[in-house]
Amino acid sequence: MKLISVIGSGTMGNGIAHSFAIAGYRVNLIDISQDSLEKGMNAISKNLDRQLVKGLITEELKFSALKNIQTYTDTRSGVSESDLVIEAATENLAIKLEIFKNLDTFCKPDAILASNTSSISIGKIASITQRADKIIGMHFMNPVPVMKLVEVIRGYSTSDEVTKTIMDLAVSLNKIPVEVNDYPGFVANRILMPMINEAIYSLHEGVAGVNEIDTVMKLGMAHPMGPLQLADFIGLDVCLAILNVLQQGFGNPKYAPCPLLVNMVTAGNLGIKSGQGFYDYSNGIKEPELSKKFKK
């Protein structure tokens, strides 16, 4: 594969573009606005600078990676010659279906179309295309340049050849791919989101405060980040969307999102990206004092 297109220049999209560019691939980064693309490229540049300071890359590699990325606001132009297109838009089924319907028309017949979805059915996405055998999931972890895991989600019709191609491609990025089958939440979020949801229920029911819950999981279970802080990092709206997919997909009430999570998302408290979630980030750092607000 020579040319990769990434749809969406947000946190996941620019991280994916970063990882491919630094591995020597040509990348077309696509978004609906020039402003979004500029923010995405700024994020890539800053993350490359962090790697440079840590001695992980050279100045030459930084500049070659940036040179490998071209930006587009027109999807058709950005994907027409691509060997692989990775969709990294918001976790919304209707939006993803519209994107893939267009990609199926815009892309060359042998192009592989992948989604970075963290929970939505690959089979459902494939069903609105004429290339179901070439539709696959590539669920990167955040932050993409740092995290090694890529969940490779094989849809019902995904071919052996496409699966092997994507597994090998992930290895070429210095990632560790894990093949999983297409069920709601796959593996990572099927296990992670109920844990986060249970932590929120523990807070909601007054079992303990934010700091206490996160400290128990960090010190007792050796988690690098507590579940409530992790929820803030992921985005509470994303957590809610994934739990809804799990609940609808399995029809099991154990996946029902905690009312506190629903209320916080409704109020616009989405975590780091909104400046406030289970912690307060409005001054640029995590303030644990906000945890007192949730104590009964």
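Note that the coordinates shown come from a computational prediction; the quantities given were computed from them, not determined experimentally.

Thresholds applied
Residues numbered from 1 in each chain as written. Predicted model: local features only at pLDDT ≥ 70, side-chain atom pairs only at ≥ 80, totals over all residues. Heavy atoms only, no water. Helix = DSSP H or I, 4+ residues; strand = E, 2+ residues; numbered from the N terminus. Rg over C-alpha atoms; globule rule 2.2 N^0.38 Å. Buried < 20%, exposed > 50% of the residue type's maximum accessible area, 1.4 Å probe, protein only. Areas by Shrake-Rupley, 256 points an atom, 1.4 Å probe, with all protein chains shown as cover. Phe/Tyr/Trp six-rings, centres within 6.5 Å; stacked < 30°, edge-to-face > 60°. Lys NZ or Arg CZ within 6 Å of the ring centre and 35° of its normal. Domains from an automatic or database assignment. Contact = heavy atoms within 4.5 Å. Buried area = accessible area lost by both parts, 1.4 Å probe. Polar contact = N/O pair within 3.5 Å; in protein donor to acceptor, adjacent residues only side chain to side chain. Expected span 1.5 Å × (residues − 1). Arc of directions from axis to C-beta. Core = buried A, V, L, I, M, F, W, Y, C linked by side-chain atoms within 4.5 Å. Axes fitted to C-alpha atoms, helices over the stretch in contact; angles between N-to-C directions. Parallel < 35°, antiparallel > 145°, perpendicular 65-115°, else oblique. Left-handed = near helix turned anticlockwise from the far one by under 90°. Nonpolar A, V, L, I, M, F, W, Y, C, P; charged D, E, K, R; others polar. Pairing = 2+ DSSP bridges.

J.: Requested: an account of the overall build of the protein chain, with residues and values cited.
T.: On a plain count of helices and strands, the protein chain comes out with twelve helices and eight strands. Here the protein chain has a C-alpha radius of gyration of 19 Å; the compact-globule value for 296 residues is 19 Å, and the two agree. Taken along its principal axes, the extent of the C-alpha atoms in the protein chain is 60 × 45 × 35 Å. Among the 296 residues that make up the protein chain, the fraction classed as buried is 47%. About 14,100 Å² of surface is accessible on the protein chain, with carbon and sulfur atoms providing 54% of the total.

J.: Lay out the packing of aromatic side chains in plain terms, naming residues and giving numbers.
T.: Scanning the entire structure with this criterion turns up three aromatic pairs. Ring centres of Phe20 and Tyr25 lie 5.5 Å apart, and the angle between their planes is 75°; this geometry places the pair in the edge-to-face category. For the residue pair Phe20 and Tyr25, the accessibility class agrees, reading buried in each case. One cation-aromatic arrangement involves Lys62 over Phe63; the distance from NZ or CZ to the ring centre is 5.3 Å.

J.: Explain the domain arrangement of the protein chain to me, and be specific about the residues and the numbers.
T.: Along its sequence, the protein chain is carved into domain 1 (3-181) and domain 2 (189-294). In this structure, domain 1 and domain 2 have C-alpha centres spaced 27 Å apart. Facing seven residues of domain 1, the contacting portion of domain 2 comprises five residues. Of the roughly 490 Å² buried between domain 1 and domain 2, counting both surfaces, carbon and sulfur atoms make up 61%. Counting across the domain 1 and domain 2 interface gives one residue pair in polar contact (both at pLDDT 80 or more).

J.: Describe helix α8 (residues 188-204), with residues and values.
T.: The end-to-end C-alpha separation of α8 is 24 Å, in line with the 24 Å expected for 17 residues at 1.5 Å each. For α8, every residue scored as buried is listed here: Asn189, Met193, Ile196, Asn197, Ala199, Ile200 and Leu203. Projected down its long axis, α8 carries its buried residues within an arc of 155°, all on one side. In α8, the exposed residues that point more than 90 degrees away from the buried face are Ile191 and Glu198.

J.: Let's hear about the nonpolar core: which residues, and what values?
T.: Soluble globular proteins: nonpolar side chains tend toward being buried together. Membership of the largest hydrophobic core comes to 33 residues, with the highest contact counts inside it found for Phe20, Leu84, Ile86, Phe140 and Ile166. A per-element tally of this core places helix α1 (residues 11-22) first, with five residues. Discounting residues that sit within four places of it in the chain, Leu84 has contacts with Met1, Leu3, Ile4, Ser5, Phe20, Ile112, Ala114, Met138, Ile166 and Leu169. Among the nonpolar cores identified, the runner-up in size contains 25 residues, and Ile200, Ile242, Leu261 and Val265 belong to it.

J.: Which residues make up the packing of helix α2 (residues 34-53) against helix α3 (residues 59-67), and what values go with them?
T.: Two numbers describe how α2 lies on α3: the axes approach to 10 Å, and their chain directions differ by 165°. Here α3 runs roughly antiparallel to α2, going by the angle between their axes. Both α2 and α3 take part in a crossing whose hand is right-handed. Packed against α2, whose contacting residues are Met41, Ile44, Ser45, Leu48, Asp49 and Leu52, the element α3 presents Glu59, Lys62, Ala65 and Leu66 at the interface. Along the lines of polarity and charge, the residues of the contact of α2 with α3 split into six nonpolar, one polar and three charged.

J.: How would you sum up the environment of Val262? Please name residues and give values.
T.: Relative to the helices and strands, Val262 is located in helix α12 (residues 259-266). Overall, the relative accessible area of 30% leaves Val262 in the partly exposed class. Leaving out residues up to four positions away in the same chain, Val262 has contacts with Leu240 and Pro257.

J.: Any chance you could break down the pairing of strand β4 (residues 84-87) for me, citing the residues and the numbers?
T.: Of the two faces of β4, the one carrying Leu84 and Ile86 and the one carrying Val85 and Glu87 are both buried. Where strand β1 (residues 3-7) lies against β4, four bridges are found, and the strand directions are parallel. Looking across to β4, one finds that Ser5 is bridged to Val85. Examined bridge by bridge, β4 and strand β5 (residues 112-115) share four bridges and lie parallel to one another.

J.: Got a sec to walk through the packing of helix α11 (residues 236-250) against α12? Specific residues and values, please.
T.: Where α11 meets α12, the axes come as close as 9 Å, and the angle between the chain directions of the two elements is 130°. Considering their axes alone, α11 and α12 lie oblique with respect to each other. Regarding α11 and α12, the two cross each other, and that crossing is left-handed. Across the interface between the two elements, Leu236, Asp237, Cys239, Leu240 and Leu243 from α11 touch Leu261, Val262, Met264 and Val265 from α12. Class assignment for the residues of the contact of α11 with α12 results in eight nonpolar, no polar and one charged.

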